[in-house]
Amino acid sequence: MGTIAVLVVVAYIGGQLLTTLSGMLERINWMKCFFLIEKKAGAGQVTFQSRKTTVIMSQKKAQAVKEAFKKVYGYDMDIACSENFAMVYSIVYDRMAKRDMFLALANMMRTTLPLAYAFLFYYLAKVLILKSFWITPHPVFIGFDFCLIYLFRQSYSKFKSFSDSIPFDSFLAWYKLMMLFSQYYNLLGLSQKPWKWLEG
């Protein structure tokens, strides 16, 4: 039991260190391509800047988000500025339980990537040292490691992009709900603001 407890503690500390290391490596400009796959907007799409990734939306949806942002904050939204993501997120942060799940999966994939790269360099170094490529099982390991890197990188980019798009969707849904309540209150001739009613 004592050995198991020590292993659990060591594994937890190692996981925290690896998560911190992967986050630091991802912030280095020339290493970003090893982690994230940046998608480009196609025809009829608009790119919004989130915290670390870009979110691609249709022009119709992007226009709705920008109009809602202007109605709430009183000025035009700069889609290339990451600060706008924080302003959108600040309104709907209490609805982000599902986003946290996808963000946790993305962070797990990002944390696993350095391990896959480390094993790849290890196998390549052994091949160079042994100078015998085909008579060792290392080519199989290298090929398998490439597959793992591809899967982890694809999954990280997918979950990260999806988790960053959720606040925009929640913000737009929140705004539409406020407009619906405003129309409802106007029809009833009530003066109380809909967001005060929701808070109460």
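From a predicted model like this one, the values you see are computed outputs, not experimental measurements. (Residues numbered from 1 in each chain as written. Predicted model: local features only at pLDDT ≥ 70, side-chain atom pairs only at ≥ 80, totals over all residues. Heavy atoms only, no water.)

What follows covers the packing of helix H1 (residues 2-26) against helix H4 (residues 97-130). One can describe the packing of H1 onto H4 by two numbers: an axis separation of 8 Å at closest approach and a directional angle of 85°. As far as their axial angle goes, H4 and H1 are roughly perpendicular. Note on element contacts: H4 touches H1 through Arg110, Thr111, Pro114 and Leu115, opposite Leu18, Thr19, Ser22, Gly23 and Glu26. Residue composition of the contact of H1 with H4, by class: 3 nonpolar, 4 polar and 2 charged. (Axes fitted to C-alpha atoms, helices over the stretch in contact; angles between N-to-C directions. Helix = DSSP H or I, 4+ residues; strand = E, 2+ residues; numbered from the N terminus. Parallel < 35°, antiparallel > 145°, perpendicular 65-115°, else oblique. Contact = heavy atoms within 4.5 Å. Nonpolar A, V, L, I, M, F, W, Y, C, P; charged D, E, K, R; others polar.)

Turning next to the packing of aromatic side chains. Summed over the entire model, instances satisfying the criterion amount to 12 aromatic pairs. Each ring, one from Phe69 and one from Tyr75, has its centre 5.6 Å from the other, and the planes form 85°; the classification is edge-to-face. Residue class for Phe69 comes out buried when judged on its relative accessible area of 0%. Connected via pairs of aromatic rings, a cluster forms that spans Phe48, Phe85, Tyr89 and Phe168. (Phe/Tyr/Trp six-rings, centres within 6.5 Å; stacked < 30°, edge-to-face > 60°. Buried < 20%, exposed > 50% of the residue type's maximum accessible area, 1.4 Å probe, protein only.)

What follows deals with the pairing of strand E1 (residues 45-49). Residues of E1 alternate between two faces, with Val46 and Phe48 buried on one and Gln45, Thr47 and Gln49 left unburied on the opposite face. Where E1 meets strand E2 (residues 54-58), 5 bridges bridge the pair, whose relative direction is antiparallel. Counted as the bridge partner of Gln49 is Thr54 from E2. The loop that links E1 with its antiparallel partner E2 comprises 4 residues. (Pairing = 2+ DSSP bridges.)

Turning our attention to H1. Residue pairs three or four apart in sequence face the same way in an α-helix, which turns once every 3.6 residues. Relative to the 36 Å expected for 25 residues at 1.5 Å per residue, H1 spans 36 Å between its end C-alpha atoms, a close match to the ideal helical length. Among the residues of H1, Leu18, Ser22, Gly23 and Glu26 are the ones counted as buried. (Expected span 1.5 Å × (residues − 1).)

All chains considered together, the criterion is met by 4 salt bridges. In this structure, the salt-bridge partner of Lys61 is Asp169, at a minimum N-O distance of 2.3 Å. In this pair, Lys61 sits in helix H2 (residues 59-73) while Asp169 sits in helix H5 (residues 138-188), placing the two residues 108 residues apart along the sequence. Salt-bridge contacts for Lys70 lead to Asp76; the nearest nitrogen and oxygen are separated by 3.3 Å. Taking relative accessible area as the criterion, Asp76 reaches 55% and is therefore assigned exposed. (Salt bridge = Lys/Arg side-chain N within 4 Å of Asp/Glu carboxyl O.)

Further remarks concern the packing of H2 against helix H3 (residues 83-92). Where H2 contacts H3, the two axes come as close as 12 Å, and the packing angle between them is 75°. By the angle between their directions, the pair H2 and H3 is classed as roughly perpendicular. Residues Phe69, Val72 and Tyr73 of H2 form the contact with H3, whose participating residues are Asn84, Met87, Val88, Ser90 and Ile91. Here the contact of H2 with H3 is built from residues that sort into 6 nonpolar, 2 polar and no charged.

Our focus in this paragraph is the confidence of the model for the chain. Scored by pLDDT, the chain comes out at a mean of 82, with 90% of its residues at no less than 70. For the chain, per-element mean pLDDT is lowest for helix H6 (residues 194-199), which scores 49, and highest for H1, which scores 89. (pLDDT = per-residue confidence, 0-100.)

On to H4. Between its first and last C-alpha atoms H4 spans 51 Å; for 34 residues at 1.5 Å apiece the expected length is 50 Å, and the two agree. Just beyond H4, the residue with positive phi is Lys131, at close to 55°.

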